[in-house]
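If you want the building blocks of each chain, they are given just below.
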Amino acid sequence: GGAQLDYLGRSWVDPPSDLKPILDPNDPFPDPNAAASHEAYIPKKLIHTWKGHTRGVQAIRFFPHYGHLLLSASMDSTCKIWDVYKENR
């Protein structure tokens, strides 16, 4: 394994500095800096494909509040964490 923190003391799960959290209407203690609304659209074409599992993917979840990381659980008994914003996934 590599270093757990970068030169600024950030871990790999820290969101990019320019990314604001998405406001969760069910959160009893919302972040005051959260974006009030978030518009999402179904894409009309394939945007990106992540490759790495050897069998089908059973579940996909975004990292809470920011969505900068994607967690995928596969039927090959593995879970993978994908970085949505970087080319090196």
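Our subject is the structure that appears above.
Residues numbered from 1 in each chain as written. Predicted model: local features only at pLDDT ≥ 70, side-chain atom pairs only at ≥ 80, totals over all residues. Heavy atoms only, no water.

1. Quick word on the sheet that holds strand 1 (residues 57-62)
So, step 1. Here three strands make up an open sheet; going across it, the order is 1-2-3 and the pairing antiparallel. At either margin of the open sheet sits one strand with a lone partner, and together these are strand 1 and strand 3 (79-83). Taken pair by pair, the neighbouring strands of this sheet meet at an average axis angle of 20 degrees, ignoring direction.
So, step 2. Note that strand 1 and strand 2 (residues 69-74) share five bridges and pair antiparallel. Looking at strand 2, one finds that Val57 is bridged to Ser74. (Pairing = 2+ DSSP bridges. Helix = DSSP H or I, 4+ residues; strand = E, 2+ residues; numbered from the N terminus. Axes fitted to C-alpha atoms, helices over the stretch in contact; angles between N-to-C directions.)

2. Quick notes on a nonpolar patch on the surface
So, step 1. Taken together, Trp12, Leu71 and Ile81 make up a surface patch of nonpolar side chains, about 320 Å² in accessible area.
So, step 2. Relative to the assigned elements, Ile81 resides in strand 3.
So, step 3. Note on Ile81: relative accessible area 47%, which makes it partly exposed. (Patch = residues over 30% accessible without salt bridge, like charges linked within 9 Å, V, L, I, M, F, W, Y side chains within 5 Å. Areas by Shrake-Rupley, 256 points an atom, 1.4 Å probe, with all protein chains shown as cover. Salt bridge = Lys/Arg side-chain N within 4 Å of Asp/Glu carboxyl O. Buried < 20%, exposed > 50% of the residue type's maximum accessible area, 1.4 Å probe, protein only.)

3. Describing unusual backbone geometry
So, step 1. The phi torsion at Ser77 lies on the positive side, around 70 degrees, for a residue other than glycine.
So, step 2. Here Ser77 lies in the loop between strand 2 and strand 3.

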